[in-house]
Amino acid sequence: MKNVKRTATAVALTASALLVSACSSGVTPATTQNAADGKPTGNKENWPKKTPTTGLTKNLTLPLEAYMASYEDQVIIEEAADDLQQSCMKDYGIDLTLPQAGANPPPSDNDANIERRYGISDRAEAEKYGYELPPALREHTEQTMRDLSGVEVEVLTGHTKPEAPTAAEAGQPIAGPAQGVKPARAEYNGKALKHGGCIGWSKDRLGVKEADPVVVAQLAGDSLTESMKDDKVIKATAAWSSCMAGKGHAGLADPYNAMDQGVTADGEPTKESIALAVDDIDCKEQTDLVKTWFGVESAIQNRQIADHQSQLTAVKEQHGTEVAAARKQMTASPR
């Protein structure tokens, strides 16, 4: 299996990247509407299920998922942070509406990405979309926010507005987006600015700590890598590969190869990609690949949990503290 480490880590971290992308910029989403059509955003019907309800991974939950943040909890924390930040800005005489949390859900509820961890797993979806995501998950709700003035950025972030990147001279590094950032002014409208701006203040109020956001996902990446080297998984994967060859798909070493081959350039399924996807899942079912792989990886993760129990417990407790504070904030705040 070539590039095992790269593939395993990528699969394990895909959902993580999607989950944190909304808040990584430092400006978290808030309640608004899609300006294009006036429809409320954040349709929960499109949110991923906590545990798959269909396909070969139906009802499967890896041990490390107990320590992963769910998408719903991520949104709750973002909403509470939005609420606090907008209230904070208003105290300085600044009206600000941030984009809504939960408007663009990821395909998986948490970092495990269990639905596609061992390749595609849902035959009904494969029959319609091949290796592509369902249309509802490929759509992106655009939410625009007005450009903030320099002082508004200072109040919100605690630092000055980044300068626009400039063209680099020959041999010089390209300027980053945070070029020229300096500490914010001391006060605005007669009020002292908060440490870290309104964003920093909202994190303090919610007890959010700047911990490594991918510590659990990294363990999950390691468990996937290790599981792929297990004799049971190697044997089951070889059986899957032989099954695929028998259906006319020779040369596929593992389900990730099939995904690479089946994903189309324009994101639209073709007759060929759908046929490949259906055969892929049928061979997984015939060889019991998913069940075998899941069982091996579950055992590995149980060992990981035992080896890192104190660290994982701290992560889970910290996340619980943040979610509880976020729920309390949203209960207390009029919507």
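Preceding block: the structure.
Residues numbered from 1 in each chain as written. Predicted model: local features only at pLDDT ≥ 70, side-chain atom pairs only at ≥ 80, totals over all residues. Heavy atoms only, no water.

Engineer: Go over the state of the cysteines with me, naming the residues and quoting the values.
Structural biologist: In the structure shown here, the tally under the stated rule is two disulfides. Linked covalently through their sulfurs, Cys 88 and Cys 198 form a disulfide whose S-S length is 2.0 Å. Here the disulfide of Cys 88 and Cys 198 is left-handed, its torsion about the S-S bond being about -70 degrees. Of the two residues, Cys 88 is situated in helix α2 (residues 71–91) and Cys 198 in helix α6 (residues 197–206); the sequence distance between them amounts to 110 residues. Accessibility classification places Cys 88 together with Cys 198 in one group, the buried group. Two residues share a disulfide in this structure: Cys 243 and Cys 283, whose sulfurs sit 2.1 Å from each other. The disulfide joining Cys 243 to Cys 283 has a torsion of about -80 degrees about its S-S bond and is therefore left-handed. Highlighted residues: Cys 243 in helix α8 (residues 231–246) and Cys 283 in helix α10 (residues 271–287), separated in sequence by 40 residues. A relative accessible area of 0% places Cys 283 in the buried class. (Disulfide = S-S within 2.5 Å. Helix = DSSP H or I, 4+ residues; strand = E, 2+ residues; numbered from the N terminus. Buried < 20%, exposed > 50% of the residue type's maximum accessible area, 1.4 Å probe, protein only.)

Engineer: Outline helix α11 (residues 289–307), supporting the account with residue identities and numerical values.
Structural biologist: Because each turn of an α-helix spans 3.6 residues, side chains separated by three or four positions end up pointing in the same direction. Helix length check: α11 (19 residues) gives 27 Å between terminal C-alpha atoms against 27 Å at 1.5 Å per residue, within 8%. Residues of α11 that are buried include every one of Leu 289, Val 290, Trp 293, Phe 294, Val 296, Glu 297, Ser 298, Ile 300, Gln 301, Gln 304 and Ile 305, and no others. If you follow the buried residues of α11, they end up packed against α7 (215–227), α8, α9 (255–262), α10 and α12 (309–332). (Expected span 1.5 Å × (residues − 1). Contact = heavy atoms within 4.5 Å.)

Engineer: How would you summarise the pattern of salt bridges if you had to cite specific residues and measurements?
Structural biologist: By the definition in use, this model includes eleven salt bridges. Glu 72 is the partner of Lys 50 in a salt bridge, and the nearest nitrogen-oxygen pair spans 3.5 Å. Here the residue Lys 50 occupies a position in the loop between α1 (4–21) and α2, and Glu 72 occupies one in helix α2, the gap between them amounting to 22 residues. Given a relative accessible area of 49%, Lys 50 falls into the partly exposed group. Owing to a relative accessible area of 29%, Glu 72 belongs among the partly exposed residues under this scheme. Notably, a salt bridge pairs Asp 282 with Arg 123, separated by 2.7 Å at the nearest N-O pair. Pair noted here: Asp 282 is in helix α10 and Arg 123 is in helix α3 (residues 123–129), with a separation of 159 residues, a long-range link. Accessibility expressed as a relative area gives 31% for Arg 123, which makes it partly exposed. Look at the salt bridges and you will find they share partners, linking Arg 123, Glu 127 and Asp 282 into a network. (Salt bridge = Lys/Arg side-chain N within 4 Å of Asp/Glu carboxyl O.)

By themselves, these observations are geometric and do not establish any function.
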